[in-house]
Amino acid sequence: MVRADGSVEKACRHFFQFGIRGIKDVWPFPSQRACKLVGAFVLFEAILQALLPGERVMGPSTPVGNRPLYTRNGIPCFLITLGVYYLLWRERLFNPAMVYDIIGEIYSVLICATYITTTLLYVKGHMAPCSSDWGSSGNVLGDFFWGMELCPRLSSVFDIKVFMNYRLGIMGWAILVISFAIKQYEVQGRVSDSLMVSSLLMLMYIAKFFWMEAAFGCSMDIAHDRAGWFMTYTCVTWIPVVNSSVNLYLVTHPIQLGRRIQARHQTERGERKSLLLTAGWWGLARHIHYAPEIGAAFFWTLPALFRHAMPYFYVTFLTALLIDRANRDDKYCRVKYHKHWEAYSKKVRYKVVPRVF
């Protein structure tokens, strides 16, 4: 994404050309500044999880009958984290664009932190398990990979799996999304609508996750998976890094989605302006909104299988109706917008179904 412009072919060609030396030249290693950034984030999120009040909820019963207790304070943690991050940027106490500049070093720190944390969890599981939900497979690698404890804790309210999954993984994902958007803003003076849409959708998803935080206590990873390398790597490294990779790409590959044609047409009150969209759904077909109507009718008819034609009368009728409507609508718009509709039709060639009609 950073060194090879998002091209796997270019990266492989570089490695094959220069061999091990080529890999060493571009491989990011942990740095002191990356360690400080990650350490400050971990400490801040740990303080929020430990101190912020919230509803106490019971998790599902474990295999030995325990019911872990969790504090539901995800939304306050999320809002405070984003608020503080924004204030640090606004007051110029910290520039989030720096995260992009040393992103490889940060990723390396996360990978190293995965192995350090897993080792500590392995030792804790052997020496100081905090509940009866623990055990050893008798295999060192198996215990290291899958974990020793189901619900390792530092106190009665500080659950380590919840902290790694929710506060580091999901919250770290949100921080990277915002950092990448700020980087593009500082370099280009604006955030492209492609990165804006992607970022907002991700942040909405993350906000929904924290709103439903209590429900995720019943998920497979929290309720059944032990805290080993698999869990630690997934939460600390994989989730924030991979989930935000599209934003990392869009920083230097901005795509403007809002392509449109400005059309003029006459009304009883004079000339008016309209926008004809040439991107998104209406960049695929001029009347794309009819396609899901036909698709819905077909799929709720499909359970009747194909033993008789009669059940397919409605979808056949609807298809004919909407195709006729699309043709009439097209003629109406051609009269209304004149040359602007002609230009639009050249850019968006299909009426209802892309590459079909």
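Residues numbered from 1 in each chain as written. Predicted model: local features only at pLDDT ≥ 70, side-chain atom pairs only at ≥ 80, totals over all residues. Heavy atoms only, no water.

What to know about the domain arrangement of the protein
What counts here: All the domain ranges listed were derived from an automatic or database domain assignment.
Looking at the assigned domains, one finds that the protein contains domain 1 (1–27), domain 2 (31–252) and domain 3 (260–347). Between the C-alpha centres of domain 2 and domain 3 there is a distance of 45 Å.

With respect to the confidence of the model for the protein
Residues shown with low pLDDT carry predicted positions that ought not to be read at fine detail. Put simply, the rule reads: What pLDDT reports is the predictor's confidence in each residue, on a scale of 0 through 100. Numbering goes from the N terminus for both helices and strands, where a helix is a DSSP run of H or I of at least four residues and a strand is a run of E of at least two.
For the protein, per-residue confidence averages 88 on the pLDDT scale, and residues scoring 70 or more make up 97% of the total. The element-level mean pLDDT for the protein is lowest in strand S3 (residues 260–267), coming to 67, with helix H3 (residues 74–90) highest at 96.

Quick word on helix H2 (residues 32–51)
Selection rule: Here the expected length of a helix is defined as 1.5 Å per residue gap, with one fewer gap than residues. Burial here depends on accessible area, computed with a 1.4 Å probe over protein chains only, as a share of the maximum for the residue type. Under 20% is buried, over 50% is exposed, and the range in between is partly exposed. Directions pointing from the helix axis toward each C-beta atom define the arc. A contact between two residues is defined here by any heavy atoms of the two lying within 4.5 Å.
Its 20 residues place the ends of H2 28 Å apart at the C-alpha level, agreeing with the 28 Å of an ideal helix rising 1.5 Å per residue. Among the residues of H2, Ala-34, Val-38, Glu-45, Ala-46, Leu-48 and Gln-49 are the ones counted as buried. When H2 is viewed along its axis, its buried side chains cluster within an angular range of 165 degrees and face the same direction. The outward face of H2, more than 90 degrees from its buried face, is lined by the exposed residues Gln-32, Lys-36, Leu-43 and Leu-51. On its buried side, H2 packs onto H3, helix H5 (103–127) and helix H7 (160–188).

Structural notes on a nonpolar patch on the surface
Inclusion rule: Surface patches are drawn from residues lacking salt bridges whose relative accessible area is over 30%; two like charges belong together within 9 Å, two nonpolar side chains (Val, Leu, Ile, Met, Phe, Trp, Tyr) within 5 Å. Under the convention used here, a 1.4 Å probe and the Shrake-Rupley method define accessible areas, while residue burial counts only the protein chains that appear. By definition, a salt bridge exists where a carboxyl oxygen of Asp or Glu is found within 4 Å of a side-chain nitrogen of Lys or Arg.
On the surface, Phe-15, Ile-20, Ile-23, Trp-27 and Phe-29 cluster together into a nonpolar patch covering about 530 Å² of accessible area. Within the secondary structure, Phe-15 sits in helix H1 (residues 8–26).

Topic: the side chain of Ser-108
Going by this rule: Counting of polar contacts relies on pairs of N or O atoms within 3.5 Å, with two restrictions inside protein: one atom must be capable of donating a hydrogen and the other of accepting it, and residues adjacent in sequence are counted only when both atoms are side-chain atoms.
Note that Ser-108 resides in helix H5. On the accessibility criterion, Ser-108 (10% relative accessible area) is buried. A polar contact is formed between the side chain of Ser-108 and the backbone oxygen of Pro-28, at a distance of 2.5 Å. If near-sequence neighbours (up to four positions away) are discounted, Ser-108 is found in contact with Pro-28, Phe-29 and Pro-30.

Looking at the UniProt feature "transmembrane region" (unreviewed entry) in the protein
Worth spelling out the cut-off: UniProt positions are given in the numbering used here, feature names are shortened, and annotations may be inferred rather than shown by experiment.
Within the UniProt annotation, "transmembrane region" (unreviewed entry) is assigned to residues 34–52, 72–88, 100–123, 164–182, 194–211 and 231–252. For residues 194–211, helix accounts for 100% and strand for 0%, while the C-alpha atoms at its two ends are 26 Å apart. In the segment residues 231–252, helix accounts for 95% and strand for 0%; the C-alpha atoms at its two ends are 32 Å apart.

Structural notes on the pattern of salt bridges
Taken as a whole and assessed by the stated rule, the structure comprises 13 salt bridges. Across the salt bridge formed by Arg-153 and Asp-159, the nearest N and O atoms sit 3.2 Å from each other. Overlapping salt bridges bring together Arg-286, Asp-330, Arg-334 and Glu-342 as one network.

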